[in-house]
Amino acid sequence: MSALGVLMEGVVFGESPRWHNEQLWFSDWGANQVIALDADGRHEVVVTVPSFPMCIDFLPDGRLLVVDSAQRRLLRHEPDGSLVQHADLSKVSEKPWNDIVVDDRGNAYVNTIGFDFPGGEFAPGLIVLVTPEGNVHQIADGLAFPNGMAISPDGATLIVAESYANRLTAYDIGSHGDLGTRRVWAETPDDHPDGICVDAEGAVWYADVGNQHCVRVREGGEVLATVDLDRGAFACALSRGDDPRLFVVGQTWGGPESRQPSGRVVAFAAPAPGAGRP
């Protein structure tokens, strides 16, 4: 796979990329912004939310949902530009809320890592289901730092990256959005998977910060491809349609702080387009 180039520089802390309406949307956690980026590098700030982390996804009607972790709630971006509360997450957990993925029915799956990162003592995380009406129900627990999430193209499986367990974990999705049987989808022995996405061939791409790469795997763990970065890879997303691209958001992590933001968005040619959700 070949790198097609850097689409955007100067990102403070990029995360949660999503392909939507022929654009790459992502959160700059450090700047408290949600940004929409064109394939030619033009971008606009869509909304500002003073929160960290701040992951995003879209309802079936196109409205943006934003995880406002600081306030333990889920926000909805209305067509008039206003932000309204979609759901209150605080009654389930006061710990940092993290990733989100929304299914075709408008059910939002949101996870919390379960402890204060990076300084707090480890505790397992959990997943809640937020209905289109904003009702919140815990549906899974016992996850070792749940991170990126994705739903398979047939809508039957939720895949979760367990960063501290070095694996991708899968659940069957029930008829009402509840989660059933839990299983290991793929072991990632030397990697701590972060953001993930699914392609049209059923493979999963996951980003790894420490090893500065993104890896494409089949269910069972067979590695199909790897793309390398010169900095930590935090999350990835795939375009749809012909000429698919893998977009990776990355930045320097854990080293001496630079005076300039180190975040960037890089595009690679991909073997298959995105599918499922997000």
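One can find the structure itself at the top, above this paragraph.
If you're wondering where the values come from, they're calculated on a predicted model, not measured in any experiment.

How each quantity is defined
Residues numbered from 1 in each chain as written. Predicted model: local features only at pLDDT ≥ 70, side-chain atom pairs only at ≥ 80, totals over all residues. Heavy atoms only, no water. Core = buried A, V, L, I, M, F, W, Y, C linked by side-chain atoms within 4.5 Å. Buried < 20%, exposed > 50% of the residue type's maximum accessible area, 1.4 Å probe, protein only. Helix = DSSP H or I, 4+ residues; strand = E, 2+ residues; numbered from the N terminus. Patch = residues over 30% accessible without salt bridge, like charges linked within 9 Å, V, L, I, M, F, W, Y side chains within 5 Å. Areas by Shrake-Rupley, 256 points an atom, 1.4 Å probe, with all protein chains shown as cover. Salt bridge = Lys/Arg side-chain N within 4 Å of Asp/Glu carboxyl O. 1 Å grid on protein atoms, 1.4 Å probe; cavity = no way out; pocket = protein on both sides within 12 Å on 5 of 7 lines; lining within 4 Å. Points joined across faces, edges and corners; volume = space filled by probe spheres on them. Nonpolar A, V, L, I, M, F, W, Y, C, P; charged D, E, K, R; others polar. Disulfide = S-S within 2.5 Å.

Undergrad: Describe the nonpolar core, with residues and values.
TA: Leu64, Leu74, Ile100, Ala108, Val110 and Val130 are the most contacted members of the largest nonpolar core, which totals 30 residues. At the level of elements, strand 4 (33-37), strand 6 (56-58), strand 7 (64-68), strand 8 (73-77), strand 10 (97-102), strand 11 (108-112) and strand 12 (125-130) are the ones that each hand at least two residues to this core. Counting residues in each nonpolar core, the second largest holds 15 residues, with Trp205, Ala225, Val227 and Phe268 among its members.

Undergrad: Can you explain a nonpolar patch on the surface? Please cite residues and give values.
TA: A cluster of nonpolar side chains, Phe117, Phe122, Tyr164 and Trp253, forms an exposed patch at the surface whose accessible area comes to about 450 Å². Position of Trp253 among the secondary structure elements: in the loop between strand 23 (245-251) and strand 24 (263-269).

Undergrad: Go over the pattern of salt bridges with me, naming the residues and quoting the values.
TA: Overall, the coordinates contain 21 salt bridges when judged by the stated rule. Close ionic contact of Glu78 with Arg63 constitutes a salt bridge, the shortest N to O distance being 3.1 Å. One end of the pair, Glu78, is in the loop between strand 8 and strand 9 (83-88); the other, Arg63, is in the loop between strand 6 and strand 7, and 15 residues separate them in sequence. Note on Arg63: relative accessible area 25%, which makes it partly exposed.

Undergrad: So what about the layout of surface pockets? Which residues, and what values?
TA: Of the voids in this model, the largest pocket is the one considered here, and its volume is about 520 Å³. What lines the largest pocket is a set of 20 residues, and nearest its centre among them are Phe117, Phe145, Asn147, Asp194 and Trp253. Of the residues in the lining of the largest pocket, the class split is 12 nonpolar, five polar and three charged.

Undergrad: Give me the lowdown on the state of the cysteines, citing residues and values where you can.
TA: According to the stated counting rule, one finds zero disulfides in the structure shown. Not part of a disulfide, Cys197 finds its nearest cysteine sulfur in Cys236, a span of 3.9 Å. Residue Cys197 is classed as buried on the basis of its relative accessible area of 4%. Cys214 carries a free sulfur, and the closest cysteine sulfur to it, the one in Cys236, is 4.3 Å from it. By relative accessible area, Cys214 is classed as buried at 0%.

Undergrad: Residue-level account of unusual backbone geometry, with values.
TA: Here the bond from Phe52 into Pro53 is cis, since omega is -5°, no more than 30 degrees from zero. Structurally, Pro53 can be placed in the loop between strand 5 (43-48) and strand 6. Residue Pro278 follows Arg277 across a cis peptide bond; omega there is 0°. Summarising the element assignment, Pro278 is placed in the segment after strand 24. Here the phi dihedral of Asp243 falls at roughly 50°; this positive angle occurs in a residue that is not glycine. Here Asp243 lies in the loop between strand 22 (232-238) and strand 23.

Such coordinate-based values are descriptive only and should not be taken to indicate function.
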